[in-house]
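# Structural overview
Here is how the chains run, residue by residue.
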There are 2 protein chains.
Amino acid sequence: MNTLKKKRSKNERKRVLDSYLAKKQLKSTKQRDTIFDVFFNHTDDHISVEELYEIVKKRNPKIGFATVYRTLKLFKECGLAFERNFGDGRTRYEPVTFDGERHDHIICIDCGKIICFNNPEVQVLLQSLAKSNKFELSNYKLELYGNCDSSCESQDHSS
Amino acid sequence: MNTLKKKRSKNERKRVLDSYLAKKQLKSTKQRDTIFDVFFNHTDDHISVEELYEIVKKRNPKIGFATVYRTLKLFKECGLAFERNFGDGRTRYEPVTFDGERHDHIICIDCGKIICFNNPEVQVLLQSLAKSNKFELSNYKLELYGNCDSSCESQDHSS
DNA sequence: GGTAAATTGATAATGAATATCAATTAAGGT
DNA sequence: ACCTTAATTGATATTCATTATCAATTTACC
Ligand SMILES: [Mn+2]
Ligand SMILES: [Mn+2]
Ligand SMILES: [Zn+2]
Ligand SMILES: [Zn+2]
């Protein structure tokens with residue numbers, strides 16, 4: 001992803017957020033700006049609320065974690081972020097990328113590495129599976145767990 | 001499932017539990033017997049700990065809910081029960097059936113109805129998907145959400 | 001029956017997430 | 001710039017499911 005594209009992305013996101021705030025009669029605040037900057041400039045995906053809060057605090061120590069919770073939920077509501085719940089009990093968020101399509105994850109049970117994937121075959125198969133059970137599929141949750149390779153065991157991607 | 005088969009199943013389960021208790025130097029207790037009976041005679045699948053506790057209390061009001069938690073975990077450890085976590089924040093358990101194979105679920109977002117399914121195609125597809133990402137697949141979580149039909153909305157399967 | 005170790009159940013503690021609420025701040029009109 | 005109003009914030013309390021604690025009880029074995 002080149003610089004131009006990234007810049008455009010940020011502006012687009014800002015526009016999405018601003019129009020959502022206007023539509024819902026919400027206000028633009030310094031705290032939301034700060035969290036916006038930190039969240040969308042963060043390179044690592046699938047950050048937990050606590051992790052993001054720790055980074056945000058460095059920029060502005062006065063921001064409370066309730067605000068971080070609230071703001072991430074706001075990003076989710078306006079379609080800028082996905083909310084994730086892998087098995088570890090802490091909610092994580094990741095930016096919605098350009099295409100905006102859903103995707104699923106492969107998680108290494110040794111080092112915590114997470115790979116995102118979007119496989120159309122899976123979608124088709126699950127759709128027909130639901131149909132054959134007389135269900136109208138509206139959403140699904142899919143997570144693969146395994147080992148990424150034999151050399152990752154000494155690492156630790158968890159916080 | 002006829003009566004003979006069900007009876008054999010119960011005896012087999014009892015044997016599995018007893019041999020596990022022996023192997024781990026655990027003890028057979030009245031409480032474990034009661035919870036065993038209630039859990040494996042319960043027809044509805046995917047029962048929550050709280051729900052099971054309420055039924056167990058009718059049989060023996062002195063049993064504490066900590067014991068129900070502990071015993072369901074015991075059933076899981078010895079391979080007699082699956083532990084489930086759908087999105088509602090409460091852990092559920094279901095008996096492992098004869099074949100013992102894993103299975104996944106379709107959940108109606110209107111009435112809470114849950115259908116279990118075991119589709120070999122899914123397994124194969126996910127296996128190859130993991131392989132193509134250089135992962136050794138060891139487990140996965142798959143839940144489909146949708147509507148079972150148009151006549152279920154007035155019902156309520158939640159507790 | 002006696003002994004050691006496992007079990008139980010009442011209760012406290014945990015931890016992530018949400019609710020509360022007084023003080024602050026943003027936005028729009030004047 | 002001031003006023004008014006409603007949204008926002010952050011410290012704190014609360015919720016809720018689950019786990020930890022621990023003295024009293026019960027089981028298994030001799
Ligand atoms: Mn992802
Ligand atoms: Mn099932
Ligand atoms: Zn790994
Ligand atoms: Zn339904």
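Anyway, here's the lowdown on the structure attached to this text. Remember, predicted model here, so these are calculated numbers, not experimental data. Each chain carries its own residue numbering, running from 1 in the direction its sequence is written. Key to labels: chains lettered from A, ligands numbered from 1, both in the order written. This being a predicted model, a pLDDT of at least 70 is required before a residue's local features are given, and a value of 80 or more before pairs of side-chain atoms are given or counted; all residues contribute to the totals for chains, interfaces and linings. To obtain the side-chain values, all non-hydrogen atoms of the structure were used and water was disregarded.

### Let's talk about the overall build of chain A
- Helix and strand counts for chain A come out as 5 helices and 6 strands.
- The helix and strand labels rest on DSSP assignments: H or I over at least four residues marks a helix, E over at least two residues marks a strand, and numbering proceeds from the N terminus. Ordering the α and β elements of chain A from the N terminus gives α-α-β-α-α-β-β-β-β-α-β.
- With the C-alpha coordinates aligned to their principal axes, the bounding extent of chain A is approximately 50 × 45 × 35 Å.
- Going through the 159 residues of chain A one by one, you find that 37% of them count as buried.
- Summarising the internal contacts of chain A: among those between residues at least 6 apart in sequence, 53% fall at separations of at least 24.
- For chain A, the accessible surface area stands at approximately 9,600 Å², while carbon and sulfur atoms represent 48% of it.
- In this tally, Asp and Glu contribute negative charge and Lys and Arg positive charge; neither His nor the terminal groups of the chain are included. Lys charges are placed at NZ, Arg charges at CZ, Asp charges at CG and Glu charges at CD. Charged side chains of chain A number 28 positive and 23 negative; the gap between the two group centres comes to 10 Å. Here the term buried applies to any residue with accessible area under 20% of the maximum for its type, exposed to any over 50%, and partly exposed to those in between, with areas from a 1.4 Å probe on protein chains only. Contacts are residue-level and defined by heavy atoms, with any inter-residue pair within 4.5 Å sufficient. Only the protein chains shown count as covering a residue, and every accessible area follows the Shrake-Rupley method with a 1.4 Å probe.

### A closer look at the protein's contact with DNA strand C
- Near DNA strand C you find 22 residues, and of these Y69, K73 and T91 of chain A together with R32 and R70 of chain B are the closest.
- K27 of chain A is positioned such that a nitrogen or oxygen atom in its side chain is 3.1 Å from a base nitrogen of DNA strand C.
- Counting residues per element, the ones that place at least two in the surface near DNA strand C are α4 (65-77) of chain A together with α2 (30-41) and α4 (65-77) of chain B.
- In terms of residue count, the dominant contributor to the surface near DNA strand C is α4 of chain A (4 residues).
- By residue class, the composition of the surface near DNA strand C is 5 nonpolar, 8 polar and 9 charged. Distances are taken per atom, and a residue is near a molecule or strand as soon as one of its heavy atoms is within 4 Å of it. Counted as a polar contact is a pair of N or O atoms within 3.5 Å, where, for protein atoms, one must be capable of donating a hydrogen and the other of accepting one, and residues adjacent in sequence contribute only when both atoms are in side chains. Note on residue categories: nonpolar means Ala, Val, Leu, Ile, Met, Phe, Trp, Tyr, Cys or Pro, charged means Asp, Glu, Lys or Arg, and polar means any other residue, Gly included.

### Notes on the protein's contact with DNA strand D
- The local shell around DNA strand D holds 22 residues, among which R32 and R70 of chain A together with K27, Y69 and T91 of chain B are the closest.
- Within the side chain of Y69 of chain B, an N or O atom sits 2.6 Å from a phosphate oxygen of DNA strand D.
- When contributions to the surface near DNA strand D are tallied by element, the ones reaching two or more residues are α2 (30-41) and α4 of chain A together with α4 of chain B.
- Per-element accounting of the surface near DNA strand D gives the leading share, 4 residues, to α4 of chain B.

### Some details on the pattern of salt bridges
- Take a side-chain nitrogen of Lys or Arg and a carboxyl oxygen of Asp or Glu: if they are within 4 Å of each other, that pair is a salt bridge. Here the structure, examined in full by the defined rule, presents 20 salt bridges over all chains.
- A salt bridge links R92 of chain B to D88 of chain B; the shortest N-O distance between them is 3.0 Å.
- Residue classification places R92 of chain B among the buried residues on the basis of a relative accessible area of 10%.
- The network of salt bridges with common partners includes E51, D88 and R92 of chain A.

### Let's talk about the nonpolar core
- We define the nonpolar core as a collection of buried residues of types Ala, Val, Leu, Ile, Met, Phe, Trp, Tyr and Cys that are connected through side-chain atoms lying within 4.5 Å of one another. One finds L126 and L144 of chain A together with L126 and L144 of chain B to be the most contacted residues of the largest nonpolar core, which totals 34 residues.
- Within the residue set of this core, elements represented by two or more residues are β4 (104-108), β5 (114-117), α5 (120-132) and β6 (136-147) of chain A together with β4 (104-108), β5 (114-117), α5 (120-132) and β6 (136-147) of chain B.
- The residues contacting L144 of chain B, other than those within four sequence positions of it, are L126, L129, A130, L137, N139 and Y140 of chain A together with H105, I106, I107 and F117 of chain B.

### Some thoughts on the layout of surface pockets
- Estimates place the volume of the largest pocket at around 1,300 Å³.
- Along the walls of the largest pocket sit 39 residues, with K141 and E143 of chain A together with N85, K141 and E143 of chain B positioned nearest its centre.
- Contributing elements (two or more residues each) for the lining of the largest pocket: β2 (81-84), β4 and β6 of chain A together with β2 (81-84), β4 and β6 of chain B.
- For the lining of the largest pocket, the per-class residue count stands at 12 nonpolar, 13 polar and 14 charged. Any residue with an atom within 4 Å of a point lines the site, the site being either a cavity, points on a 1 Å grid over the protein atoms alone where a 1.4 Å probe fits but cannot get out, or a pocket, an open set with protein on both sides within 12 Å along at least 5 of 7 lines. Grid points are joined across faces, edges and corners, and a volume is the space filled by probe spheres set on the points.

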